[in-house]
Amino acid sequence: MNPLPVLPVRVELQEGDVEQLLALNIVHKSILYAFYAGSLFAIAFLVLRTKLIPQPVLAAMPWSARIAPERFSRRAWIIMAGSALATGAVIGGVTLFVCEVVLDVFGERLDVDTRAWAIAAFSGVCLAIVNLWRASWLRRIAAVLSAVLFLATAALGINAGYGLNTTLGELLDISNYRHLTLPKLIPKGVRRDSEALWKTWRAPAGMRSQGDSGLVTIPASASGFKARDAFLYLPPAALVAEPPNLPVLIMMMGQPGGPQQAKLAVPQLDAYAQAHHGLAPIVLTVDQLGDPYKNPLCIDSARGRVYTYVTSDVVNFVRSRLNVSSDRKQWAVGGYSNGGECSLAFGAKRPDLFGSILDMSGEIEPRDGSVVNTLRAGFGGNQRKFDAEKPANILRKHHYRDEVAVFTSGGLDKYYTKDANTAAADARAVGMTVYRMIGAGVDHRSSAIVFGAQVGLPLLGDRFGLSPVGGPGSPGPLIRKPV
């Protein structure tokens, strides 16, 4: 009996092909619907146990004897498949309960749709596993491929729900953004910080209408921290031949995540710049994690000297490579979720560096999963060191005379809205000028970043002197009033 012929297959991907693949929009409906439909088809195929090859065709093949027969009645098999789906759902539910409630792996409760996707993935994989039993090798291959499809579909569904990683490269933490060429540096002393820019700035003819964004590499000379490339936004005013000294906002994203997620705020930054003659803060989003699945807690420790990286390496990079103001009132530190807690801690520790804080749905204290794990892994079991790094305790050691703190969160985000309320009260109690905004219909996902930028930028712009107080783009008198 002749074996099946083996045909050599050679697949070569050019550099441009790889870039296009990494840039694939994985939250586009056409992509998502294709995976949803494929998974439903796979479930139907595995449940009905339809023949992969019609029996007359199979019998005529010389190698058909190599295919094991599938000896199940239709009724018995459907019962078995249904039991597999139900068993998978139970296993998924129990696993989530243990991870969320017993072990507190995530440090918070997962959203309903995330749980649903996880349970669906467990069910699908369980169905694929029973299809390996007493089946032909063709069906076993189909079952394995189906299991991979179910996992991929669940991952894409969860990712689309959060809306933070829009491309395949971002989901895989593979950078697919270009590196920026920084504008020419104006020598110190040529541009001096004087009056508010909204009074003195005149946009030159031919200035572009939108800013530019991309990656920059920040040397970790002082910290040695292995950070990923930062994401830099330069407003139109920063790209002209004679740029003014602009304010700067240093941002950090959540965990898991990375600097490229700051692209979600670019439309808001461009809109602000267009309303203010090209003026907007330079926004540098840095990596405080080093790896999306590691959390060094924004402190200096054996897991990474993150505090030194941000307050020394990043600050020195900005001062030496960008045309920015030297006035502390023109510097702000901000972040989302994990990055929000980091920004509050850094701003509270270093009011000499940062005159403003933008905390978007930030955590209330350093967290790496459960409190027990945070204490053990982050602080070596030393409760005193853990307490010393909590923003509330840092704030109590100071009294702030000229510090602005903006706290934003979503109306649908009960967990972080409670934390933001507490953090805002703590900041107000020690003298900070506090603004507290809650967005209707906003949750703890991409909408939290968009909302934070929409209401936070005008407030910071007023602080930076990019617009008169209450000028274009201001969020309005009701939410402008300090808490």
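Residues numbered from 1 in each chain as written. Predicted model: local features only at pLDDT ≥ 70, side-chain atom pairs only at ≥ 80, totals over all residues. Heavy atoms only, no water.

Peer 1: Could you clarify how one ought to interpret the state of the cysteines in this entry?
Peer 2: Here is the idea: a disulfide is a covalent bond, and it sits between the sulfur atoms of two cysteines. Across all of its chains, the model carries one disulfide by this definition. Here Cys-298 engages in a disulfide with Cys-342; their sulfurs sit 1.9 Å apart. Looking down the S-S bond of the Cys-298 and Cys-342 bridge, the torsion is 90°, so its handedness is right-handed. Of the two residues, Cys-298 is situated in the loop between strand E4 (282-286) and strand E5 (300-301) and Cys-342 in helix H11 (residues 338-349); the sequence distance between them amounts to 44 residues. The same class applies to Cys-298 and to Cys-342, which are both buried. (Disulfide = S-S within 2.5 Å. Helix = DSSP H or I, 4+ residues; strand = E, 2+ residues; numbered from the N terminus. Buried < 20%, exposed > 50% of the residue type's maximum accessible area, 1.4 Å probe, protein only.)

Peer 1: Where do I start with the environment of Ala-332 in this structure?
Peer 2: Among the structural elements, Ala-332 can be located in strand E7 (residues 331-336). As for Ala-332 and Gly-355, which are separated by 23 residues in sequence, their C-alpha atoms are 5.8 Å apart. Setting aside its immediate chain neighbours within four residues, Ala-332 contacts Val-248, Leu-249, Ile-250, Phe-354, Ser-356, Leu-460 and Phe-464. (Contact = heavy atoms within 4.5 Å.)

Peer 1: Would you take a moment to explain the pattern of salt bridges for this structure?
Peer 2: Pairing of side chains with opposite charge becomes possible as their charged atoms draw close. Within this structure, the stated rule accounts for 17 salt bridges. Notably, a salt bridge pairs Asp-212 with Arg-178, separated by 2.3 Å at the nearest N-O pair. With a gap of 34 residues between them, Asp-212 in strand E1 (residues 212-216) and Arg-178 in the loop between helix H7 (168-171) and helix H8 (197-200) connect regions that are remote in the sequence. Residue classification places Asp-212 among the buried positions, given a relative accessible area of 16%. (Salt bridge = Lys/Arg side-chain N within 4 Å of Asp/Glu carboxyl O.)

Peer 1: What exactly am I supposed to notice about the sheet that holds strand E10 (residues 433-439) here?
Peer 2: Hydrogen bonds between backbone atoms are what pair the strands of a sheet, whose relative direction is either parallel or antiparallel. Reading across the sheet, the eight strands line up as E1-E2-E4-E3-E7-E8-E9-E10 and stay open at both edges, with mixed pairing between neighbours. With partners counted over all chains shown, the strands left at the sheet margins are E1 and E10, one partner each. Between one strand axis and the next, the sheet turns through 15° on average, direction left out of account. Where helix H16 (residues 446-464) meets the sheet, its contacts fall on strand E3 (248-252), E7, strand E8 (356-360), strand E9 (404-410) and E10, and the angle it forms with E8 comes to roughly 170°. (Pairing = 2+ DSSP bridges. Axes fitted to C-alpha atoms, helices over the stretch in contact; angles between N-to-C directions.)

Peer 1: Explain the confidence of the model for the protein chain here, please?
Peer 2: Low-pLDDT portions of the prediction should not be read for the details of their coordinates. For the protein chain, per-residue confidence averages 89 on the pLDDT scale, and 87% of positions sit at 70 or higher. Low pLDDT, under 50, characterises residues 1-13; the predicted model gives this stretch five contacts beyond four residues in sequence or across chains. (pLDDT = per-residue confidence, 0-100.)

Peer 1: Sorry, what's going on with empty space enclosed by the protein here?
Peer 2: Space left empty within the atom packing is revealed by a probe, the size of a water molecule, rolled over the atoms. Tallying each qualifying case throughout the model produces three cavities of 30 Å³ or more. The computed volume of the largest cavity comes to approximately 140 Å³. The wall of the largest cavity is formed by 16 residues, among which Leu-249, Met-251, Ala-265, Leu-269 and Val-283 lie closest to the centre. Secondary-structure elements contributing two or more residues to the lining of the largest cavity are strand E2 (230-234), E3, helix H9 (266-275), E4, E8 and H16. Of the residues that constitute the lining of the largest cavity, the class distribution is 15 nonpolar, one polar and no charged. (1 Å grid on protein atoms, 1.4 Å probe; cavity = no way out; pocket = protein on both sides within 12 Å on 5 of 7 lines; lining within 4 Å. Points joined across faces, edges and corners; volume = space filled by probe spheres on them. Nonpolar A, V, L, I, M, F, W, Y, C, P; charged D, E, K, R; others polar.)

Peer 1: Help me understand the nonpolar core in this model?
Peer 2: One broad rule of soluble globular proteins: the nonpolar side chains tend to lie buried together. With 88 residues, the main nonpolar core has Leu-232, Ile-282, Leu-284, Val-286, Val-318 and Phe-346 as its most contacted residues. Looking at this core element by element, the count peaks at nine residues for H16. In terms of nonpolar packing, the next biggest core, distinct from the first, is built from twelve residues, Val-47, Trp-77, Leu-127 and Phe-150 among them. (Core = buried A, V, L, I, M, F, W, Y, C linked by side-chain atoms within 4.5 Å.)

Peer 1: Sorry if this is basic, but what is going on with the packing of H9 against H16 here?
Peer 2: Direction vectors running N to C along H9 and H16 enclose 30°, while the axes themselves pass 9 Å from each other. Read as a crossing pair, H9 and H16 show a hand that is right-handed. Across from Gln-268, Leu-269 and Tyr-272 in H9, the residues of H16 making contact are Val-450, Ala-453, Gln-454, Leu-457, Pro-458 and Gly-461. The class makeup of the residues in the contact of H9 with H16 is six nonpolar, three polar and no charged. (Left-handed = near helix turned anticlockwise from the far one by under 90°.)

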